[in-house]
Amino acid sequence: MAKISINLATGSFQKEEIIVGIDLGTTNSLVAFINPDKNPQVINDAGKGILVPSVVYFNSQNEAIVGNEAKEFLTTDPANTIFSVKRLLGRSYKDVAEHKDIFSYKVIDDGTDALVKIQAGDRFYTPIELSAEILKELKARAEHALKTPVNRAVITVPAYFNDSQRQATRDAGKLAGLDVMRIVNEPTAASLAYGIGLDPTEQKTIAVYDLGGGTFDVSILQIQNGIFEVLATNGNTYLGGDDFDRAILNYWIENNKLDFAAVAADNILMQTLRLKAEAAKKALSTQNLYNEQVGEIWCTLYKQTFEQLITAKVDETITACKNALKDADLTSADIDEVILVGGSTRTPFVKQAVENFFSKKPQDNINPDEVVALGAAIQADVLAGNRSDILLLDVTPLSLGIETMGGLMDVIISRNSKVPTKAGRQYTTSIDGQVNMKISVYQGERDLVKENRKLAEFDLKGIPAMPAGLPKVDINFLLNADGILTVQAIELRSGVKQEIEITPSYGLSDDTVEKMLLDSIEFAQSDVEQRMLIEARSEGEQLLYTAERFIEKHAEHLTEEEITETKVHIEALKTALATQGKDTILKKADELNEFTRPFAERVMDAAISTAMKGKKIE
Ligand code: AMP
């Protein structure tokens, strides 16, 4: 095995090897690298195009097809064509239920806080696996174009992504066979692409306005001493260029005196008109009139009309900018630079609105589709140690986390995080009446704690007895500038608290760190697969526990048949748990869920009405 030396101060690898920058987007993804001339460059493998649509199609053999080819199945086989998976990454069904109508594929509703899964064919996929398919495609394209193995990457995420969404992105990278050197905020990457923040003496406040196909966000960043701090973010994750297309489509339907329902019922016509609407929008970025015909339908649009059609949406983005500034306690006069990101900022009306609001010409000379990936490549280059001009901050060389169900490592502070840093996460109990919680702290990159280094263990005692899932235990990690880690656990309902101090670097040699990192790379894929199996098992077991208790407790409200049938499903899940892999376990769990849902709802309604009886309504 090639020896790779690791700079412990930066956690970076010193070997001459390309680290790519990846923009893993909701609609499109792309990959960039630093070319031999030391300039960031996007990869266009064999002329396939720079943008890879973030769409995954599963054919009847369960093979994944990614990108433009997959996009073609959106209309012909929507149930097995997964788009917008970024919206599901690190989220539970509860998080996304409100917007479930936009998904044409099956998002499993298990009514819990568990992470969502998607069904395609007879398989179940997590958003992590689906994102990994997109990343694998980008990795393959980069390898093909650069004619060298690509094993390391910097991946960008929106500034508003929470810890769980960031962890999911890291896991997706791992599963794709990539060592994720760092997760970088998209606005930070965009600033780097414009060279902002590269000089550590520079102090600037910048606004990054990002309007893509389906999402909008604005971030206010403060750059000081080479540190990018997100002061505020605002936006709407369901607003973008797609809304402009829809507005044009509706306008044409109205203008041609067509019946909307009739057009909507004709899938092919609808799709054709939608594509024409997008073409019109793009054309109007450089001309004043678009005029085409689809059969008998006139697709005519003047730039001025288009601008009227989108005014309300654009105004909404400006309101978000106002709110972001307010949250950051700033006014537009405090903003030194404004950066445009996302394909929809090509619309001149959008550009002008941003300029009017900030009273400043926004930076727009870098292609707005590419700017984030280019910045990610620059960040990758910094991590590779190729840029001595950039201040490298002290970072923690190994991840710190705690043990969760099934012996899994739940990372709280990830490797390469700048120190000092703090992070936390909320946990709960898995058994009714649980009064103690064991907290085991680990260090390392492997998914199973047994492969990592145990740092400490303590008990949070005296949690008041409550049903499983009700206690809220916050676990907070604080790593100070001297490398001392304080772990605090607090049950929020009762205030029960416990705290310890650890020195993670104690007894840790450079060789050990190096070995731990190399092992994590070697076992990355199998680790994530094991993690997913363990997670499926835990979920299945939790469901068994709930289902068994449910039929015991509410037997009087259920029919004989319902009880017998539920027991059959319970047995099937038990067998799957004992003998089968992830997909079968999840399938059986889903079947049990689907079967019990109608009468579980009925029993709940009955319980509520019993509780209401005899109560005076005032
Ligand atoms: P992104 O999500 O950043 O890839 O942005 C994609 C969005 O940008 C889509 O809604 C595209 O229709 C839109 N877009 C791409 N090119 C243009 C253009 N020339 N003018 C206006 N919108 C564009």
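Residues numbered from 1 in each chain as written. Predicted model: local features only at pLDDT ≥ 70, side-chain atom pairs only at ≥ 80, totals over all residues. Heavy atoms only, no water.

*Asks:* Tell me about the overall build of the chain, and please be specific about residues and values.
*Replies:* A tally of helices and strands in the chain yields 16 helices and 28 strands. The C-alpha radius of gyration computed for the chain amounts to 26 Å, which stays within 12% of the reference 25 Å derived for 618 residues, consistent with globular compactness. Referenced to the eigenvectors of the C-alpha coordinate spread, the extents of the chain come out at roughly 70 × 65 × 55 Å. A burial count over the chain gives 51% of its 618 residues as buried. Across the chain, every contact between residues at least 6 apart in sequence was considered, and the portion connecting residues at least 24 apart equals 64%. For the chain, the accessible area works out to roughly 28,400 Å², and carbon and sulfur atoms hold 49% of it. (Helix = DSSP H or I, 4+ residues; strand = E, 2+ residues; numbered from the N terminus. Rg over C-alpha atoms; globule rule 2.2 N^0.38 Å. Buried < 20%, exposed > 50% of the residue type's maximum accessible area, 1.4 Å probe, protein only. Contact = heavy atoms within 4.5 Å. Areas by Shrake-Rupley, 256 points an atom, 1.4 Å probe, with all protein chains shown as cover.)

*Asks:* So what's going on with the pattern of salt bridges? Which residues, and what values?
*Replies:* Enumeration according to the criterion identifies 41 salt bridges in this entry. As a salt-bridge pair, Arg425 and Asp410 come within 2.5 Å of each other at their nearest N and O atoms. On the criterion of sequence distance, the pair formed by Arg425 in strand β23 (residues 421-427) and Asp410 in strand β22 (residues 408-413) is long-range, its members being 15 residues apart. Neither Arg425 nor Asp410 differs from the other in exposure class; each is buried. (Salt bridge = Lys/Arg side-chain N within 4 Å of Asp/Glu carboxyl O.)

*Asks:* Quick rundown of the site of the ligand? Include the residues and the values.
*Replies:* In the region of the ligand, 15 residues are neighbours, and Gly213, Glu278, Lys281, Ser285 and Gly343 sit closest. Take Ser344: an N or O atom from its main chain is 3.2 Å from an oxygen atom of the ligand. Taking Arg346, its side chain carries an N or O atom lying 3.1 Å from a nitrogen atom of the ligand. Relative to its unbound accessible area of 500 Å², the ligand is 84% covered by the protein chains. Classifying every residue of the shell around the ligand by side-chain character gives no nonpolar, 10 polar and five charged. When residues of the shell around the ligand are assigned to domains, at least three map to each of domain 1 (10-194 + 368-383) and domain 2 (199-365). (Near = heavy atom within 4 Å. Polar contact = N/O pair within 3.5 Å; in protein donor to acceptor, adjacent residues only side chain to side chain. Nonpolar A, V, L, I, M, F, W, Y, C, P; charged D, E, K, R; others polar. Domains from an automatic or database assignment.)

*Asks:* Talk me through the confidence of the model for the chain; I want residue IDs and the actual numbers.
*Replies:* Averaged over all residues, the pLDDT of the chain is 89; the fraction at 70 or higher stands at 94%. This stretch, residues 1-5, has a pLDDT under 50; its non-local contacts, to residues over four places away or in other chains, come to 14 contacts. (pLDDT = per-residue confidence, 0-100.)

*Asks:* Explain helix α11 (residues 348-358) residue by residue, including any values.
*Replies:* Val350, Ala353, Val354, Phe357 and Phe358 are the residues of α11 that are buried. Buried residues of α11 fall within an arc of 115 degrees about the axis and therefore sit on the same side. Those residues of α11 hidden inside the fold are in contact with β15 (204-211), α7 (241-255), α10 (303-327) and β20 (337-341). (Arc of directions from axis to C-beta.)

*Asks:* Let's hear about the packing of helix α5 (residues 163-175) against helix α14 (residues 524-553): which residues, and what values?
*Replies:* Running from N to C, α5 and α14 point in directions that differ by 125 degrees, and their axes come no closer than 8 Å. One way to sum up the angle between α5 and α14 is to call them oblique. Mapping the contact onto sequence places Gln167, Asp171, Lys174 and Leu175 in α5 and Ala524, Gln525, Val528, Glu529, Arg531 and Met532 in α14. The class makeup of the residues in the contact of α5 with α14 is four nonpolar, two polar and four charged. (Axes fitted to C-alpha atoms, helices over the stretch in contact; angles between N-to-C directions. Parallel < 35°, antiparallel > 145°, perpendicular 65-115°, else oblique.)

*Asks:* Lay out the environment of Thr126 in plain terms, naming residues and giving numbers.
*Replies:* Relative to the assigned elements, Thr126 resides in the loop between β12 (123-125) and α4 (127-146). We classify Thr126 as buried; its relative accessible area is 15%. Sequence separation of Thr126 and Arg387 is 261 residues, and the distance between their C-alpha atoms is 37 Å. When neighbours within four sequence positions are excluded, Thr126 is seen to be in contact with Val116, Lys117 and Met532.

*Asks:* So what's going on with the sheet that holds strand β24 (residues 437-443)? Residues and values would help.
*Replies:* An order of β22-β21-β24-β25 is seen for the four strands of this open sheet, with the pairing classed as antiparallel. Every other strand in the sheet has two partners, leaving β22 and β25 (453-460) as the edge strands with one partner each. Strand-to-strand twist in this sheet, taken as the mean axis angle between neighbours without regard to direction, amounts to 30 degrees. When strand β21 (residues 400-404) meets β24, the two strands line up antiparallel, connected through three bridges. Within the sheet, the bridge partner assigned to Ile402 lies in β24 and is Val441. (Pairing = 2+ DSSP bridges.)

*Asks:* Talk me through unusual backbone geometry; I want residue IDs and the actual numbers.
*Replies:* In this structure, Lys257 takes a positive phi of about 55 degrees despite not being glycine. By secondary structure assignment, the location of Lys257 is in the loop between α7 and α8 (260-265). Positioned with a positive phi, Ser359 is a non-glycine residue whose angle comes to about 50 degrees. Positionally, Ser359 belongs in the loop between α11 and α12 (371-383).

*Asks:* Residues and numbers for empty space enclosed by the protein, please.
*Replies:* Enumeration over the complete set of coordinates arrives at four cavities of 30 Å³ or more. A volume near 230 Å³ is recorded for the largest cavity. Lining the largest cavity are 20 residues, with Arg170, Lys174, Asp179, Ser399 and Glu445 positioned closest to its centre. Among the elements of the structure, α5, β14 (179-185), β22, α13 (510-522) and α14 are those that each provide at least two residues to the lining of the largest cavity. Among the elements that line the lining of the largest cavity, the one with the most residues is α5, at four residues. Its residues assigned to classes, the lining of the largest cavity comprises six nonpolar, five polar and nine charged. Here the lining of the largest cavity spans two domains, since at least three of its residues come from each of domain 1 (10-194 + 368-383) and domain 3 (400-521). (1 Å grid on protein atoms, 1.4 Å probe; cavity = no way out; pocket = protein on both sides within 12 Å on 5 of 7 lines; lining within 4 Å. Points joined across faces, edges and corners; volume = space filled by probe spheres on them.)

*Asks:* Any details on the sheet that holds strand β26 (residues 473-479)? Residues and values, ideally.
*Replies:* Taken together, the four strands give an open sheet; going across it, the order is β23-β26-β27-β28, and neighbouring strands pair in antiparallel fashion. If you trace the sheet from one side to the other, it starts and ends with β23 and β28 (497-502), each paired once. Mean inter-strand twist for the sheet, computed between neighbouring axes without regard to direction, equals 15 degrees. Bridge count between β23 and β26: seven bridges; the pairing is antiparallel. What sits directly across from Thr421, in β26, is Leu479.

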